[in-house]
Amino acid sequence: MSGNSGSNQMWGGRFAAGPSAIMREINASIPFDKALWRQDIAASKAHVAMLGQQGIVSHEDAALIAQGLDTVAGEYEAHGVPEDWDLEDIHMTTENRLAELIGPAAGRLHTARSRNDQVATDFRLWVRDAMDQMDAGLLALQIALVTRAGEHAASIMPGFTHLQTAQPVTLGHHLMAYYEMIARDRSRFADARARMNRSPLGAAALAGTGFPIDRFHTAAALGFDGPTDNSLDSVSDRDFALDYLMAAAQCSLHLSRLAEEFIIWASQPFGFVTLPDSLSTGSSIMPQKKNPDAAELVRGHSGRIVGCLTSLMITMKGLPLAYSKDMQDDKPPVFEAASLLALSVAAMTGMVAEARFRTERMRGAAELGYATATDLADWLVRQANIPFREAHHITGSAVKLAESRGIALDQLSLEDLKAIDTRIDERVYAALSVEASVAARCSHGGTAPAEVRKRVAQAREALGLHGFALEE
Ligand code: ARG
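Residues numbered from 1 in each chain as written. Predicted model: local features only at pLDDT ≥ 70, side-chain atom pairs only at ≥ 80, totals over all residues. Heavy atoms only, no water.

An unreviewed UniProt entry annotates the chain as Argininosuccinate lyase of Novosphingobium pituita. Per UniProt, the comment on the chain under Sequence similarities (unreviewed entry) is "Belongs to the lyase 1 family. Argininosuccinate lyase subfamily." (UniProt positions renumbered as here; feature names shortened; annotations may be inferred.)

Okay, structure coming up:
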């Protein structure tokens, strides 16, 4: 093991003195890149198997190295990865331990390879796993959303624009809006995964290698669709990490919006939802409080996740080809975003699955605020053939009158309505209920319970839930 004052054993040949304490500290990535240890072992095993197959190292040495790597992996699994700043990163930590275990043959592992293609490979593998895990988490959230949407396909609530009561909608429709957002998030992660699934291993430091390596072999062994096609790009490309962060940032914005809905709905003046105790906290001073902390933290975490994206974009901006050490800073924002997002998805899944929706409060609120005013205007257009703009104006007068009396639209008498416009007759009352209002909105993608049920059924089919009983 290299000491503080001695020169580094990996490149010590060119150096007379070791690094200063500051150099060792600023240089060390092991505190965070030890998270790549599984990927580092897997990539090294694929590399050495190929070196053996190609006759670049002997079969004996290749087998010895592969066995040694398994031993190192077992040690990491059992005791964690040791953090020695002199060894800088996970790559040198593993190679150093391998040498302690198997001796000089360990030195053959790094033939036809550089840490530049090594880290690019490890990190891709890590991001690919993170994408797969994220997909599973988002699927669970979608299942929770379609399940609750199916239960509440006909539960009426106020729909808002500007957070002002606009038109009645159904809770199922509202929840399915988030299903659509999460579906797009999953497709963004899937696009990114398909685009990134090429192996940079074998690009070596930047220019490729003169050894007769087989990059297709290592690519296939690591589950890649094939090797990347330009060695300079291979070691300097971090698009896959940025694609991941962009998808993560977008997804976190959706979660943040959903969290905000729950925060508003759970506040006493709304009272639309009772949050699960398991995802709420109390107050140390106010005994009556039940706070939506998990939802607030999901809303807060989205800011940090967007910050991670910004961080890596700015790290990459203006870097010349090929590898620069700045790129070592690519990992912390990706790791941070991945864990924050996984927690946020889990929290929102629990919130959606376990919230108790207070449908009677929602329905009551939908009846306030003249939410069916558009239905009156639509009725005037349909039944009295009045142009919509004029119908809008007539309806405005009806709302003003009802408001001045502190009553709902359908509580205005027929005489009052006729005084506003003689073309109104008693049939109008059938259009003014909130049930009639939502049932009428049956255009494709509209809020009518029948439309919502149709979309829920399609979604369940898409999620592979077809045939499972739908709780009504
Ligand atoms: N620790 C480095 C990183 O994470 C590994 C690559 C180092 N390459 C080099 N040429 N110094 O980026």
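Q: So what exactly am I meant to see when it comes to the side chain of Glu 95 here?
A: Topologically, Glu 95 is positioned in helix H5 (residues 90–102). The side chain of Glu 95 is buried and forms no salt bridge, while Arg 113, the nearest opposite charge, is found at 4.6 Å. For Glu 95, the contacting residues outside a window of four places in its chain are Met 10, Ala 106 and His 110. (Helix = DSSP H or I, 4+ residues; strand = E, 2+ residues; numbered from the N terminus. Buried < 20%, exposed > 50% of the residue type's maximum accessible area, 1.4 Å probe, protein only. Lys, Arg positive; Asp, Glu negative; His and termini not counted. Salt bridge = Lys/Arg side-chain N within 4 Å of Asp/Glu carboxyl O. Contact = heavy atoms within 4.5 Å.)

Q: What's the story with the site of the ligand in this structure? I'm lost.
A: Near the ligand you find Ser 29, Glu 88, Asp 89, His 91, Arg 115, Asn 116, Val 119, Tyr 323, Lys 325, Gln 328 and Lys 331, and these make up its full shell. Arg 115 is positioned such that a nitrogen or oxygen atom in its side chain is 3.4 Å from a nitrogen atom of the ligand. For the ligand, an oxygen atom lies 2.4 Å from a polar atom in the side chain of Tyr 323. Coverage of the ligand by the protein chains reaches 86% of its 340 Å² of free accessible surface. (Near = heavy atom within 4 Å. Polar contact = N/O pair within 3.5 Å; in protein donor to acceptor, adjacent residues only side chain to side chain. Areas by Shrake-Rupley, 256 points an atom, 1.4 Å probe, with all protein chains shown as cover.)

Q: Help me out: how do you make sense of the packing of aromatic side chains in this one?
A: Between two aromatic rings, the relevant description is the distance of the centres plus the angle of the planes. With the rule as written, the count across this model stands at 10 aromatic pairs. Summarising the aromatic geometry, the rings of Phe 270 and Phe 272 are spaced 5.1 Å apart at their centres and angled 75° between planes, so their arrangement reads as edge-to-face. Relative accessible area serves as the criterion here: at 2%, Phe 272 is assigned to the buried category. One aromatic cluster is present, formed by Phe 123, Trp 126, Phe 240 and Phe 335 through successive ring pairs. Its guanidinium or amino end placed over the ring of Phe 224, Arg 128 lies 4.9 Å from that ring's centre, counting from NZ or CZ. Cation over ring: Lys 331 sits above Phe 123, and NZ or CZ is 5.7 Å from the ring centre. (Phe/Tyr/Trp six-rings, centres within 6.5 Å; stacked < 30°, edge-to-face > 60°. Lys NZ or Arg CZ within 6 Å of the ring centre and 35° of its normal.)

Q: What should I look at first to understand the environment of Leu 242 in this one?
A: The topology assignment puts Leu 242 in helix H10 (residues 239–266). In the structure, Leu 242 is positioned 67 residues away from Leu 309 in sequence and 6.8 Å away in space, judged by C-alpha atoms. With sequence-adjacent residues up to four places away left out, Leu 242 is seen in contact with Leu 309, Leu 312, Met 313 and Met 316.

Q: Got a minute to help me understand the UniProt feature "domain: Fumarate lyase N-terminal" (unreviewed entry) in the chain in this structure?
A: Here, the residues flagged by UniProt with the feature "domain: Fumarate lyase N-terminal" (unreviewed entry) are residues 13–307. In this annotation, residues 13–307 is assigned 61% helix and 5% strand; the end-to-end C-alpha distance for the span is 41 Å.

Q: Looking at this structure, I do not really get the pairing of strand S1 (residues 156–161). What am I missing?
A: The side chains of a regular strand alternate between the sheet's two faces. Inspection of the sheet shows S1 paired to strand S2 (residues 164–170) by 6 bridges, in the antiparallel sense. Bridge pairing links Phe 160 to Thr 165 in S2. (Pairing = 2+ DSSP bridges.)

Q: Looking at this model, I keep getting lost on helix H19 (residues 449–462). Mind explaining?
A: Along an α-helix, residues three or four apart share an orientation, since each turn contains 3.6 residues. In this model H19 runs 20 Å from its N-terminal to its C-terminal C-alpha over 14 residues, within 8% of the 20 Å that 1.5 Å per residue would give. Residues of H19 that are buried: Pro 449, Glu 451, Val 452, Val 456, Ala 459 and Arg 460. Structurally, H19 contributes buried residues whose contacts are with helix H6 (115–151), S2, helix H7 (171–196) and helix H18 (434–440). Positive phi appears at Gly 464, one or two residues downstream of H19, with a value of about 80°. (Expected span 1.5 Å × (residues − 1).)

Q: When you look at the packing of helix H14 (residues 373–384) against helix H15 (residues 388–405) in this model, what are you seeing that I'm missing?
A: What describes two packed helices is the angle between their axes and the distance between those same axes. One way to put it is that H14 packs onto H15 with a least axis distance of 8 Å and a crossing angle of 135°. As far as their axial angle goes, H15 and H14 are oblique. In this structure, H14 crosses over H15, and the sense of that crossing is right-handed. The residues of H15 that touch H14, namely those facing Ala 373, Leu 376, Ala 377, Asp 378, Leu 380 and Val 381, are Phe 388, Ala 391, His 392, Ile 394, Thr 395, Ala 398 and Val 399. For the contact of H14 with H15, a count of residues per class yields 10 nonpolar, 2 polar and 1 charged. (Axes fitted to C-alpha atoms, helices over the stretch in contact; angles between N-to-C directions. Parallel < 35°, antiparallel > 145°, perpendicular 65-115°, else oblique. Left-handed = near helix turned anticlockwise from the far one by under 90°. Nonpolar A, V, L, I, M, F, W, Y, C, P; charged D, E, K, R; others polar.)

Q: Please explain the nonpolar core as it appears in this structure.
A: Nonpolar side chains in soluble globular proteins tend to be buried together. Of all hydrophobic cores here, the largest spans 98 residues; its most connected members are Phe 189, Tyr 244 and Phe 262. Looking at this core element by element, the count peaks at 16 residues for H10. When neighbours within four sequence positions are excluded, Phe 262 is seen to be in contact with Val 273, Leu 275, Met 348, Met 351, Val 352, Ala 355 and Phe 357. Residues Tyr 370, Ile 394, Ile 424 and Ala 431 belong to the second largest nonpolar core, which totals 20 residues. (Core = buried A, V, L, I, M, F, W, Y, C linked by side-chain atoms within 4.5 Å.)

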